[in-house]
Amino acid sequence: MSNKHILLLPGDGIGSEVVAEAEKILNWFNQNKSTKFTTSTGYVGGIAYDMTGSPLPKETLDAAHKADAILLGAVGGPKWEPLAYAVRPERGLLGLRKELELFANIRPALCFEALADASTLKREVISGLDIVIIRELTGDVYFGTPRGVETLPDGTRKGVNTMVYSSPEVHRIARVAFELARKRNKKVCSVDKANVLESTEMWREEVQKIHDKEYADVALSHMYVDNAAMQLVRNPKQFDVMVTGNIFGDILSDCAAMLTGSLGMLPSASLGAKDKNGKTPALYEPVHGSAPDIAGKGIANPLATILSVAMMLRYSFDLGKEADLLEKAVTTVLVQGLRTADIMQDGATKVSTSGMGDAVLKALAALAKTGEKAA
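K.L.:
For this particular structure, what's the right way to read helix α8 (residues 225-234)?
P.N.:
Each full turn of the α-helix corresponds to 3.6 residues, which orients residues three or four apart in the same direction. Looking only at α8, the buried set comprises Val225, Ala228, Gln231 and Leu232. Viewed along the axis of α8, the buried residues span an arc of 115 degrees, placing them on a single side of the element. Those residues of α8 that are buried lie in contact with β5 (130-136), β8 (187-192), β9 (219-224), β10 (241-244) and α9 (246-259).

Take a look at the structure:
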């Protein structure tokens, strides 16, 4: 393959620790496979604000536009909560999504069999779970206007955020869900609140139009978001691909994350539309936050970030076999009983952040060697 450049944005908290382990994985592929990845590192979030006065410096944004893919750690933390809203760390991440037009967030919720007992739900409820939540990422209340807080003449304060979608925005995210469903079990559940919110009533109608016109071979159902939250806990395996708006997707995907046992296990991909040169902007990140309470202790779980690399291999570089190999390596270390603190179980062996990364490297080497012999 030709040289592909990856921009690393460790960010805040445990971000630098987990991204360091992911970088080991990229280096392993360069040394042992035909990949030719180059990397550079930039600043985003709180650390970027501390250094430049902006959570998304121009240098970082320029580098993001040029990169073939971006791997982000995490942003935010209590240190920066007193800042004005416009310069808080989270605005750096939101800015990247908006500037790169990363409208489709893909969040798989996969229960590794070795972790079926790590969830707070019964094993029979989540064993074999394999669902994907498609979250629209550049619309809704996160970006809609008018927005803000104002003080009224009588001294009371009013906060306003606007939930807004256009039909083209709904169409493009629906197509992402339907296309993915065609590669899986041909089943999509669109989540809205059409009985109360007019904007999501429009969402439901437009998803149905796209389905009827272009994807009649895929089964489509609709569900109110409150029911969807309940059903994710009651019977999550009824779903295959779920598609929903920005704020509902934010909440539901975190709910689904805990079905797998830990936020530290879930990767995600945020994708844009192909440009005129055929390049698809893409940002990959673990679902977990910056976890400032454990930052610097070497106990964070790097597997969500490593699995984000697997998504990068698959979606950005069309390296499906390499992605499968990496995911199998993660499965291997879990079967071996290696655990970071967040997924620790009786009888398992606790390892550090770097210890888990090294274990995945060891598993990769063993699997690659076995595969070569088998061939």
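K.L.:
What exactly am I supposed to notice about the environment of Met242 here?
P.N.:
By the element assignment, Met242 lies in strand β10. Residue classification places Met242 among the buried residues on the basis of a relative accessible area of 2%. The spacing of Met242 and Arg172 is 70 residues in sequence and 15 Å in space, taken between C-alpha atoms. Setting aside residues up to four positions removed in sequence, Met242 forms contacts with Val132, Ile133, Ile134, Cys189, Val191, Ala228 and Leu232.

K.L.:
Quick question: what am I supposed to make of the sheet that holds strand β12 (residues 282-286) here?
P.N.:
Sheet strands associate in pairs through backbone hydrogen bonding, adopting either a parallel or an antiparallel arrangement. Read from one edge to the other, the open sheet built from 10 strands follows the order β2-β1-β3-β12-β11-β4-β5-β10-β8-β9, with strand pairing classed as mixed. The open sheet terminates on both sides in strands that have one partner only, identified here as β2 (37-41) and β9. On average, adjacent strands in this sheet sit at an angle of 20 degrees to one another, irrespective of strand direction. Here β5 pairs with β10 via 4 bridges, running parallel. Within β10, the residue paired with Ile133 across the bridge is Met242. Contacts from helix α1 (residues 15-32) reach β1 (4-11), β2 and β3 (69-74), with the element oriented near 160 degrees to β1.

K.L.:
Please explain the environment of Cys189 as it appears in this structure.
P.N.:
Topologically, Cys189 is positioned in strand β8. When its relative accessible area of 5% is taken as the criterion, Cys189 is described as buried. It is 4.7 Å that separates the C-alpha atoms of Cys189 and Ser221, two residues lying 32 residues apart in sequence.

K.L.:
Would you mind going over the nonpolar core with me for this structure?
P.N.:
Proteins that are soluble and globular tend to have nonpolar side chains buried together. Residues Leu326 and Leu364 are the most contacted members of the largest nonpolar core, which totals 95 residues. Dropping the residues within four chain positions of it, Leu326 is found in contact with Ile25, Phe29, Ile306, Val309, Ala310, Leu313, Val360 and Leu364. Residues Leu7, Ala64, Val75 and Leu102 belong to the second largest nonpolar core, which totals 15 residues.

K.L.:
Explain unusual backbone geometry to me, please; I cannot follow it from the model alone.
P.N.:
Glycine aside, residues mostly have negative phi, and peptide bonds are mostly found in the trans state. Here Thr145 and Pro146 are connected by a cis peptide whose omega angle stands at 5 degrees. Positionally, Pro146 belongs in the loop between β5 and β6 (148-151). Despite not being glycine, Asp140 has its phi angle at roughly 75 degrees, a positive value. Within the secondary structure, Asp140 sits in the loop between β5 and β6. Judged by relative accessible area, Asp140 falls into the buried class, the value being 1%. The phi dihedral of Lys186 falls on the positive side, at around 55 degrees, and the residue is not glycine. Residue placement: Lys186 occurs in the loop between α6 (167-182) and β8. Since its relative accessible area comes to 39%, Lys186 is described here as partly exposed.

K.L.:
Mind showing me how you'd approach the pattern of salt bridges here?
P.N.:
A side chain of one charge can pair with a side chain of the opposite charge if their charged atoms are brought near each other. One pass over the full model with this rule turns up 21 salt bridges. The salt bridge involving Lys24 is made with Glu21; its shortest N-O contact spans 2.9 Å. Here Lys24 and its partner Glu21 are both found in helix α1, 3 residues apart, which amounts to about one turn of the helix. A relative accessible area of 5% means that Glu21 is categorised as buried. Within the structure, one salt-bridge network assembled from shared partners comprises Glu179, Arg182, Lys186 and Asp217.

K.L.:
What exactly am I supposed to notice about α9 here?
P.N.:
Here α9 contains 14 residues, and its C-alpha end-to-end distance of 20 Å stays within 8% of the 20 Å for a straight helix at 1.5 Å per residue. Asn246, Phe248, Gly249, Leu252, Ser253, Ala256, Ala257 and Leu259 are the residues of α9 that are buried. Taken end-on, α9 shows its buried residues confined to a sector of 160 degrees, consistent with a single buried face.

K.L.:
Explanation requested: the packing of α1 against helix α10 (residues 303-315) in the structure shown.
P.N.:
What describes two packed helices is the angle between their axes and the distance between those same axes. It is at 8 Å that the axes of α1 and α10 come closest, and there the two elements cross at 40 degrees. When the axis of α1 is compared with that of α10, the two are oblique. Crossing of α1 against α10: the hand is right-handed. In this structure, α1 contributes Val18, Val19, Ala22, Ile25, Leu26 and Phe29 to the contact, and α10 contributes Thr305, Ile306, Val309 and Leu313. Grouping the constituent residues of the contact of α1 with α10 by class yields 9 nonpolar, 1 polar and no charged.

Rules of the game
Residues numbered from 1 in each chain as written. Predicted model: local features only at pLDDT ≥ 70, side-chain atom pairs only at ≥ 80, totals over all residues. Heavy atoms only, no water. Buried < 20%, exposed > 50% of the residue type's maximum accessible area, 1.4 Å probe, protein only. Helix = DSSP H or I, 4+ residues; strand = E, 2+ residues; numbered from the N terminus. Arc of directions from axis to C-beta. Contact = heavy atoms within 4.5 Å. Pairing = 2+ DSSP bridges. Axes fitted to C-alpha atoms, helices over the stretch in contact; angles between N-to-C directions. Core = buried A, V, L, I, M, F, W, Y, C linked by side-chain atoms within 4.5 Å. Salt bridge = Lys/Arg side-chain N within 4 Å of Asp/Glu carboxyl O. Expected span 1.5 Å × (residues − 1). Parallel < 35°, antiparallel > 145°, perpendicular 65-115°, else oblique. Left-handed = near helix turned anticlockwise from the far one by under 90°. Nonpolar A, V, L, I, M, F, W, Y, C, P; charged D, E, K, R; others polar.

So yeah, pure geometry; function would need other evidence.
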